[in-house]
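Observations on the model geometry
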Amino acid sequence: MPVGTQATVKGILPRDLINDLDAKIILGNTYHLFLRPGHETIRKLGGLHRFMNWPRAILTDSGGFQVFSLNSLRKVTEAGVLFQSHLNGDAHMFTPESTVEVQLALGSDIMMVLDECLEYPAKHDAARAAMDRTIRWARAAFEHFHKHDDGLHALFPIVQGSMYADLRKACTEQLMELDARGYAIGGLSVGEPRGLSLEMAEVTVPLLPKDRPRYVMGVGMPEELPEYVARGVDMMDCVLPSRNARNGYLFTSQGRVIIKQAQYKDDARPVDEACPCYSCKNFSRAYLRHLYLAGEITFSVLATLHNLHHYLDIMRGIRQAILLGNYPDYLRRARQRAAEAEKEAPKAASQFE
Ligand SMILES: [Zn+2]
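None of these values were measured; they are calculated from a predicted model. (Residues numbered from 1 in each chain as written. Predicted model: local features only at pLDDT ≥ 70, side-chain atom pairs only at ≥ 80, totals over all residues. Heavy atoms only, no water.)

Some details on the overall build of the protein
What the protein contains, in helices and strands, is 15 helices and 14 strands. Its C-alpha atoms give the protein a radius of gyration of 20 Å, within 12% of the compact-globule value 20 Å for 353 residues. Along the first, second and third principal axes, the C-alpha set of the protein runs to 60 × 45 × 40 Å. The buried share of the protein, reckoned over its 353 residues, is 52%. Looking at the protein alone, contacts between residues at least 24 apart form 68% of all its contacts between residues at least 6 apart. (Helix = DSSP H or I, 4+ residues; strand = E, 2+ residues; numbered from the N terminus. Rg over C-alpha atoms; globule rule 2.2 N^0.38 Å. Buried < 20%, exposed > 50% of the residue type's maximum accessible area, 1.4 Å probe, protein only. Contact = heavy atoms within 4.5 Å.)

Section: the nonpolar core
One finds Leu 59, Met 112 and Tyr 215 to be the most contacted residues of the largest nonpolar core, which totals 64 residues. For this core, the element with the most residues is helix α7 (residues 124-148), which contributes seven residues. Leaving out residues up to four positions away in the same chain, Met 112 has contacts with Leu 59, Thr 60, Asp 61, Ser 62, Gln 103, Leu 155, Phe 156, Ile 158, Ala 184, Tyr 215 and Met 217. Counting residues in each nonpolar core, the second largest holds 30 residues, with Ile 26, Met 52, Phe 68 and Trp 137 among its members. (Core = buried A, V, L, I, M, F, W, Y, C linked by side-chain atoms within 4.5 Å.)

Looking at the packing of aromatic side chains
Taken as a whole, this structure holds eleven aromatic pairs when the rule is applied. With a centroid separation of 6.2 Å and an interplanar angle of 75°, the aromatic rings of Phe 142 and Phe 145 are classed as edge-to-face. Here Phe 142 and its partner Phe 145 are both found in helix α7, three residues apart, which amounts to about one turn of the helix. Of the residues examined, Phe 142 reaches a relative accessible area of 4% and is grouped as buried. Among the residues examined, Phe 145 registers a relative accessible area of 2% and is labelled buried. Ring pairing ties together the aromatic residues Tyr 31, Phe 34, Phe 83 and Phe 94, which thus form one cluster. (Phe/Tyr/Trp six-rings, centres within 6.5 Å; stacked < 30°, edge-to-face > 60°.)

Points about the pairing of strand β14 (residues 255-258)
Looking at chain direction, strand β13 (residues 249-252) and β14 are connected through four bridges and run antiparallel. Looking at the pairing, Phe 251 lines up with Arg 256 of β14. In this antiparallel pair of consecutive strands, β13 and β14, the connection spans two residues. (Pairing = 2+ DSSP bridges.)

Section: the coordination of the zinc ion
Cys 275 (SG), Cys 277 (SG), Cys 280 (SG) and His 306 (ND1) make up the full set of protein donors to the zinc ion, lying at 2.1 to 2.3 Å. Coordination geometry of the zinc ion: the four donor atoms subtend angles of 97 to 120° at the metal centre, consistent with an arrangement described as tetrahedral. Spacing between the donor residues of the zinc ion along the chain follows C-x1-C-x2-C-x25-H. You'll find Cys 277 and Cys 280 in the same group, each marked buried. (Donors = N, O, S within 2.8 Å, 3.2 Å for Na, K, Ca; no water. Tetrahedral: all angles 85-135°; square planar, octahedral: opposite > 155°, others 65-115°.)

A few points about the sheet that holds strand β10 (residues 183-185)
Taking strand neighbours across the sheet as the criterion, the four strands line up as β9-β10-β11-β12 in an open arrangement whose pairing is parallel. Strands at the two margins of the open sheet, each flanked by one partner only, are β9 (158-159) and β12 (235-236). Note that β9 and β10 share two bridges and pair parallel. Bridging across to β10, Val 159 finds its partner in Ile 185.

So, the confidence of the model for the protein
This prediction gives the protein a mean pLDDT of 95; 97% of its residues lie at or above 70. Between residues 349-353, whose pLDDT stays under 50, and residues either more than four places distant or in other chains, the model counts ten contacts. (pLDDT = per-residue confidence, 0-100.)

Points about the sheet that holds strand β4 (residues 75-76)
Spatial ordering of the open sheet is given by β4-β5-β6, a layout of three strands whose pairing is antiparallel. The open sheet has two edge strands, β4 and β6 (91-94), and neither has a second partner. Judged from the four bridges that link them, strand β5 (residues 81-84) and β6 form a sheet pairing that is antiparallel. Of the residues in β6, the one forming a bridge with Val 81 is Phe 94.

Looking at the pattern of salt bridges
The tally for this structure, following the rule as stated, stands at 20 salt bridges. Close ionic contact of Lys 24 with Asp 22 constitutes a salt bridge, the shortest N to O distance being 2.9 Å. Judged by relative accessible area, Lys 24 falls into the exposed class, the value being 51%. Measuring nitrogen to oxygen at the nearest pair gives 2.9 Å for the salt bridge that ties Asp 267 to Arg 269. Judged by its relative accessible area of 9%, Asp 267 is buried. (Salt bridge = Lys/Arg side-chain N within 4 Å of Asp/Glu carboxyl O.)

Shown next, in the form of structure tokens:
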């Protein structure tokens, strides 16, 4: 899922997301839309789909993750989380019930429950306390949701438990009682080593129902997508393709291209010779490098289009391999390519993350 934080996927029009990229679903951030322009404003204007002219599916998070990552002055109580707006310092509170209300006002297709997300590393007892609270909040959110459920929305609970396999398992088992239409795995990509995030997905996914979507929140690098799918994950979202695009970091089938580098000054080749996107069909690396160094908005537009195309193309390839029964082959080749790319350009990725 491309991430559309402020009712827009930065640097790209909905028209191009549909016609050029065929994105089926995007993610919106409840925290940001709640603060500005406000969910009641969006409700009055016909809901988020109409507001941003996005006719396809929208998934919204509960806002909890942003409260925990953007607010140093937050206060967690059993009722919910008290926080200050990062825009003007106003005090607000998110409760399990209120975040359902906000997401209903937005008209989200897939909504998330409020959860307590911890930083990494967290002690086992702190992680257990946050997990227990997450479960209680999920129950409260579902109780509230059932009063308003018109069959048009899904609400996903979120498995927490930090980096402890026993907590992940316990949390999953208890959330299963909610009989939800899909399940999310949260609290990953919070600074832990990548192998550990995969390990947590690996212990959690097999416990979730096979016939419902399983969604890992906030991952990952291109080479990680096949790994998550191999572990049974159906959905992912990540800001990396769009955010890195704006920073001049382009993902290609041959590894990364850091467009500001002098080696691309006279490079007439497209960013990725294997990519059929509009940017790659029509523009050279030299041109993109020029736009980037000149600080032109068009750079962000072309780079975002390419990076999102690259990500969505990986997912299309994965779906096709699964349908053809070739996924083990696909995975083996993907791992080979990742290992080769790692040999060529170790460590360069970290400066952008
Ligand atoms: Zn391209």
